[in-house]
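Observations on chain architecture
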Amino acid sequence: MASVLLITRALAPSNTVLPGLELLSHQIKVMSPEPTALMSAPSADVIFVDGRTDLPAVRSLCRLMQTTGNTCPVILITTEGGLAAVNHEWALTDVILETSSPAEIEVRIRLAITSASFDSLRDQPSEIRTGELTIDEQTYAAKLHGKALDLTFKEFELLKFLAQHPGRVFSRAQLLQEVWGYDYFGGTRTVDVHVRRLRAKLGIENENLIGTVRNVGYRFVLNPMVIDESQDALV
């Protein structure tokens, strides 16, 4: 399930802007297209912008989001006649017709999120160094104190993702989406199993590099020697 932000002036957005979106199970938040509101916009996996009318204003809004540092994929909702006005200057990820079916909307959301994830990875350095841990994305190798860790592909991906965001807490559901992928339908217990295996391979002295935050999820701990009261018993 993705978090969707719908920017529109419509009074009944779910029914009138993109009817097919209402039939999907995504979490939908609605916001008015006021420029000042963009500064306090809620976080989302993808943004839909209602561009069925007043195309010049919508174009300005899309470009404003780009200049204010938005990194979330933006999909324009428009009519068939409005397609002729859209070009690269709109700073869009994709365009979709208001009459699109739920299946097409689902595919567009999935592709937009996946593309944004790949773009983010390309912008990151190929080697991650944090403390005594070194992770090389190009060779899929991880070393701790200069000694290679024997990790499976998913264990490597999980360790790399956590190390890329030191201190930040991720829920099991977020880790499933980020590491296993948007289409993965396994349970969140998969994350617990991989964390347990990672800790075993890190060893007793370094297992606390992956911290457990009570009732929330996991995080990468920069200084595992510091006791954190928010940390629960290790899984």
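In short, a report on the structure. Quick caveat, the model's predicted, so the values are computed rather than measured. All chains use their own residue numbering, which begins from 1 and follows the written sequence. Where totals are concerned, whole chains, interfaces and linings use all residues; where local detail is concerned, this predicted model gives features only for residues with pLDDT of at least 70, and gives and counts side-chain atom pairs only at 80 or more. Hydrogens and water molecules were not included; the side-chain quantities draw on all heavy atoms of the structure.

1. Thoughts on the overall build of the chain
What counts as a helix is a DSSP run of H or I of at least four residues, what counts as a strand is a run of E of at least two, and both are numbered from the N terminus. A tally of regular secondary structure across the chain gives 7 helices and 12 strands. Taken over 235 residues, the chain has a buried fraction of 39%. Long-range pairs, those at least 24 residues apart, make up 55% of the contacts in the chain with a sequence separation of at least 6. With residues, only the protein chains shown are counted as cover, and all accessible areas are computed by Shrake-Rupley using a 1.4 Å probe. Accessible surface for the chain amounts to roughly 12,900 Å². Of this, 52% is attributable to carbon and sulfur atoms. When accessible area is computed with a 1.4 Å probe and restricted to protein chains, residues below 20% of their type maximum are described as buried, those above 50% as exposed, and intermediate ones as partly exposed. We call two residues in contact whenever any of their non-hydrogen atoms come within 4.5 Å of each other.

2. Some remarks on the nonpolar core
If you look at the biggest cluster of nonpolar residues, it comprises 26 residues, and the most contacted ones within it are Ile135, Leu149, Leu158, Leu159, Leu175 and Ile210. Of all the elements in the fold, those that place two or more residues in this core are strand S7 (133-136), strand S8 (141-144), helix H5 (153-164), helix H6 (172-180), helix H7 (189-202) and strand S12 (217-220). Residue contributions to this core peak at 6 residues, all from H5. Nonpolar cores were defined as sets of buried Ala, Val, Leu, Ile, Met, Phe, Trp, Tyr and Cys residues, with membership established by side-chain atoms within 4.5 Å.

3. Focus: the layout of surface pockets
By volume, the second largest pocket is sized at about 270 Å³. Detection works on a 1 Å grid of protein atoms alone, calling trapped sets that fit a 1.4 Å probe cavities and calling open sets with protein on both sides within 12 Å along at least five of seven lines pockets, with lining residues defined by an atom within 4 Å of a point. Lining the second largest pocket are 16 residues, and of these Arg9, Pro33, Asp54, Ala57 and Val58 lie nearest its centre. Here the element with the most residues in the lining of the second largest pocket is helix H3 (residues 55-67); it accounts for 5 residues. Tallied by class, the residues present in the lining of the second largest pocket amount to 9 nonpolar, 3 polar and 4 charged. Grid points are joined across faces, edges and corners, and a volume is the space filled by probe spheres set on the points. Residues are grouped as follows: Ala, Val, Leu, Ile, Met, Phe, Trp, Tyr, Cys and Pro are nonpolar; Asp, Glu, Lys and Arg are charged; all remaining types, including Gly, are polar.

4. Some details on the environment of Thr190
Assignment of secondary structure puts Thr190 in helix H7. Residues Thr190 and Arg172, 18 residues apart in the sequence, show an inter-C-alpha distance of 8.7 Å.

5. A closer look at the side chain of His26
With respect to the helices and strands, His26 occurs in the loop between helix H2 (19-22) and strand S2 (27-31). Accessibility expressed as a relative area gives 8% for His26, which makes it buried.

6. Structural notes on the pairing of S12
At least two bridges found by DSSP between two strands is the condition for calling them paired. Two elements, strand S10 (residues 170-171) and S12, share 2 bridges in a ladder whose sense is antiparallel. Along S12, the bridge assignment pairs Ser171 with Gly217. Note: strand S11 (residues 210-213) against S12, 4 bridges, orientation antiparallel. Paired with Gly211 across the strands is Arg219, a residue of S12. Counting the residues between successive antiparallel strands, the hairpin from S11 to S12 contains 3 residues, one of them, Asn215, with a positive phi of roughly 65°.

7. Focus on the sheet that holds S10
With antiparallel pairing, 3 strands are arranged side by side in an open sheet as S10-S12-S11. Two strands lie at the open edges of the sheet, namely S10 and S11, each paired on one side alone. The sheet strands contacting H5 are S10, S11 and S12, and the helix crosses S12 at an angle near 70°. Lines are fitted to the C-alpha atoms to define the axes, a helix being fitted only along its stretch in contact, and any angle between axes, read from their N-to-C directions, falls within 0 to 180 degrees.

8. Concerning the packing of H6 against H7
Relative to each other, H6 and H7 sit at 80°, their axes nearing to 9 Å. Viewed along their axes, H6 and H7 adopt a mutual orientation that is roughly perpendicular. Contacts between H6 and H7 involve Arg172, Leu175, Leu176 and Trp180 on the former and, on the latter, Thr190, Val191, Asp192 and His194. Tallied by class, residues from the contact of H6 with H7 come to 4 nonpolar, 2 polar and 2 charged. In these notes the angle categories are as follows: under 35 degrees is roughly parallel, over 145 is roughly antiparallel, 65 to 115 is roughly perpendicular, and the rest is oblique.

9. Here we look at unusual backbone geometry
The phi angle at Asp54 is positive, at roughly 50°, despite the residue not being glycine. Along the chain, Asp54 turns up in the loop between strand S3 (46-50) and H3. A relative accessible area of 51% means that Asp54 is categorised as exposed. A positive phi angle is found at His145, which is not glycine, with a value near 55°. Residue position: His145 is located in the loop between S8 and strand S9 (147-148).

10. Brief notes about the sheet that holds S7
The 4 strands lie next to each other as S6-S7-S8-S9, forming an open sheet whose pairing is antiparallel. Edge strands, defined here as strands with exactly one partner in the open sheet, are strand S6 (127-130) and S9. Taken strand by strand, H5 contacts S6, S7 and S8, and its axis lies near 115° from that of S7.

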